[in-house]
Amino acid sequence: MKRIVLGLLAATALSASAFAEDITPALIYDLGGKFDKSFNEAAYNGAERFKEETGIEYVEFEISNDAQREQALRRFAENGRNPIVMAGFTWVDYLKKVAPEYPETNFTIIDDAVDAPNVRSVTFKEQEGSYLVGMLAALASETGTVGFVGGMQVPLIGKFECGYVGGAKAARSDAKVIRNYTGDTPSAWNDPTKGGEITRTQIDQGADVIYHAAGGTGVGVLQAAADAGKLGIGVDSNQNGLHPGHVLTSMVKQVDVAVYDAFMDAKNGEFSYGLQDLGLAEDGVGYAVDDNNKDLITDEMKAAVEEAKQKIIDGEIEVHNFLSDNACPY
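Residues numbered from 1 in each chain as written. Predicted model: local features only at pLDDT ≥ 70, side-chain atom pairs only at ≥ 80, totals over all residues. Heavy atoms only, no water.

UniProt's entry tags residues 35-320 with the feature "domain: ABC transporter substrate-binding protein PnrA-like" (unreviewed entry), counted in the numbering of this structure. Counting secondary structure, residues 35-320 comes out at 41% helix and 21% strand; the distance between its end C-alpha atoms is 31 Å. (UniProt positions renumbered as here; feature names shortened; annotations may be inferred. Helix = DSSP H or I, 4+ residues; strand = E, 2+ residues; numbered from the N terminus.)

This is how it looks when you write it as structure tokens:
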């Protein structure tokens, strides 16, 4: 009550940010580990940026199995953690169950959507970013054959795969794309050994550029490509620096920004709800160029990709969304 009175009597001296110290953010990672060099680590980087800028601490939890999901959500909500951010589409069913029971808690789920009045859902148009790196793969390939290694075979990763194939074939109509997945259970996200084995098999079949959308498994994909003198393509985070000169580019998703924004909006009293679907037009996805890979991408390659990027933003190129029909036309 005292805080409310002060707010009414001295609003000019007491901004929304003054209440910031009252927020108690929490971040829960998906399977694969916090330091997977990919999706989870991007979430971690966003939380760390928030902490560095504001001085506000957050709590985090790395699950090791699905049985811990509901328990972790409930524990943080019961302890008054707010907002609570979940990294990964696999949180959907658990959030649908828990969110209505804690209506005063703000939740954010990344990579899928939950329709609830206290939930912000952040998804990405991965097909658009994957289209661009598919173009780069085909343009960089000497054999005309490129590869894709997915993690768990789920519809979300179909967006990466189909966009990548579409981009490769747009840049080179005769391009061949070899596609494999590492499994159909959650362990598929954290199996670098299998990722490396699949990559070597694809290389034996002629692939000389391999894109992964496989979380921690992708570390093995990039390693195998580099060891063979071929090119890998990273995902979610900028992975160009893992093997400089052997990672053509990375399809980056602003997962870090999604976490940062959720925390910061709560801090500033500006937390909003509903769906945010972020693509090229919103800078939600893209491809990474830095000192580690700039020599691998020619001016002609970049010009072609930038032209396609603008056409996608303008609606002149429509990249097929696998989730629209659970199919890929290529």
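One turn of an α-helix holds 3.6 residues; hence residues three or four places apart share an orientation. Between the first and last C-alpha of helix 5 (residues 126-140) there are 21 Å, a value that for 15 residues agrees with the 21 Å anticipated at 1.5 Å per step. Among the 15 residues of helix 5, 14 are classified as buried, and the element is accordingly described as predominantly covered. (Expected span 1.5 Å × (residues − 1). Buried < 20%, exposed > 50% of the residue type's maximum accessible area, 1.4 Å probe, protein only.)

Moving on: unusual backbone geometry. The residue after Asn82, namely Pro83, is reached through a cis peptide bond having omega 5°. With respect to the helices and strands, the residue Pro83 is situated in the loop between helix 3 (68-78) and strand 3 (84-87).

As a further point, take the sheet that holds strand 9 (residues 231-236). The sheet built from six strands is open, its strands ordered 7-6-8-9-10-12 with mixed pairing. Looking at the sheet topology across the chains shown, the edges are occupied by strand 7 (176-183) and strand 12 (285-287). For this sheet, the mean inter-axis angle between neighbouring strands, taken without regard to orientation, is 15°. Relative to strand 12, strand 10 (residues 247-253) runs antiparallel, the two being bridged by three bridges. Each bridged residue has a counterpart across the sheet, and for Lys253 the counterpart in strand 12 is Val285. (Pairing = 2+ DSSP bridges. Axes fitted to C-alpha atoms, helices over the stretch in contact; angles between N-to-C directions.)

Another aspect to go through is the sheet that holds strand 1 (residues 26-29). With parallel pairing, six strands are arranged side by side in an open sheet as 2-1-3-4-5-11. Every interior strand has two partners, whereas the edge strands, strand 2 (59-62) and strand 11 (274-278), have only one. Strand-to-strand twist of the sheet, defined as the mean angle between neighbouring strand axes without regard to direction, takes the value 15°. Pairing of strand 4 (residues 107-110) with strand 5 (residues 119-124), which is carried by four bridges, proceeds in the parallel orientation. Note that in strand 5 the partner of Thr108 across the bridge is Arg120.

In a structure, side chains of opposite charge can pair up when their charged atoms sit close to one another. For the structure on display, the rule yields 16 salt bridges. Put simply, Arg69 and Asp66 hold a salt bridge, and the shortest N to O gap is 2.8 Å. Between Lys253 and Asp111 there is a salt bridge whose closest N-O contact spans 2.8 Å. With Lys253 in strand 10 and Asp111 in the loop between strand 4 and strand 5, this residue pair connects regions lying 142 residues apart in the sequence. Residue classification places Lys253 among the buried positions, given a relative accessible area of 2%. Through salt bridges with shared partners, a single ionic network connects Glu70, Arg74, Lys97 and Glu101. (Salt bridge = Lys/Arg side-chain N within 4 Å of Asp/Glu carboxyl O.)

Our focus in this paragraph is the nonpolar core. Core analysis: the biggest nonpolar cluster contains 67 residues, and Ile157, Phe160, Tyr164, Tyr211 and Leu248 have the highest contact counts within it. If near-sequence neighbours (up to four positions away) are discounted, Phe160 is found in contact with Glu126, Ser130, Phe148, Tyr211, Ala213, Val235, Asp236, Met251 and Lys253. Core analysis: the next-biggest nonpolar cluster, separate from the first, contains 21 residues, Ala72, Leu73, Phe76 and Val92 among them. (Core = buried A, V, L, I, M, F, W, Y, C linked by side-chain atoms within 4.5 Å. Contact = heavy atoms within 4.5 Å.)

Right, let's get into the environment of Val259. If you trace the backbone, Val259 turns up in helix 9 (residues 255-267). A residue is classified by how much of its surface remains accessible, and Val259, at 0% relative accessible area, is buried. As a C-alpha pair, Val259 and Gly46 span 213 residues in sequence and 5.4 Å in three-dimensional space. Look past the residues within four positions of Val259 in its chain and what remains in contact with it is Leu27, Ala43, Gly46, Ala47, Val85 and Ile110.

Going through the model one piece at a time under the given rule, you end up with nine aromatic pairs. A ring pair is formed by Phe50 and Phe263, whose centres lie 5.3 Å apart and whose planes are at 70°; its orientation type is edge-to-face. Of this pair, Phe50 sits in helix 2 (residues 39-54) while Phe263 sits in helix 9; the two residues are 213 residues apart in sequence, bridging distant segments of the chain. Considering the side-chain rings of Phe148 and Tyr164, the 6.2 Å spacing of their centres and the 40° angle between planes classify their relative orientation as tilted. In this pair, Phe148 is assigned in strand 6 (residues 145-152) and Tyr164 in helix 6 (residues 155-171), connecting sequence segments 16 residues apart. For the pair shown, Phe148 and Tyr164 are each scored as buried. (Phe/Tyr/Trp six-rings, centres within 6.5 Å; stacked < 30°, edge-to-face > 60°.)

A few words on the packing of helix 2 against helix 9. In contact at an axis separation of 7 Å, helix 2 and helix 9 are set at 35° when each is read in the N-to-C sense. Between helix 2 and helix 9 lies a crossing whose hand is right-handed. Touching Phe39, Ala42, Ala43, Asn45, Gly46, Ala47, Arg49, Phe50, Glu53 and Thr54 of helix 2 are Val255, Asp256, Val259, Tyr260, Phe263, Met264 and Lys267, all from helix 9. Residue composition of the contact of helix 2 with helix 9, by class: ten nonpolar, three polar and four charged. (Left-handed = near helix turned anticlockwise from the far one by under 90°. Nonpolar A, V, L, I, M, F, W, Y, C, P; charged D, E, K, R; others polar.)

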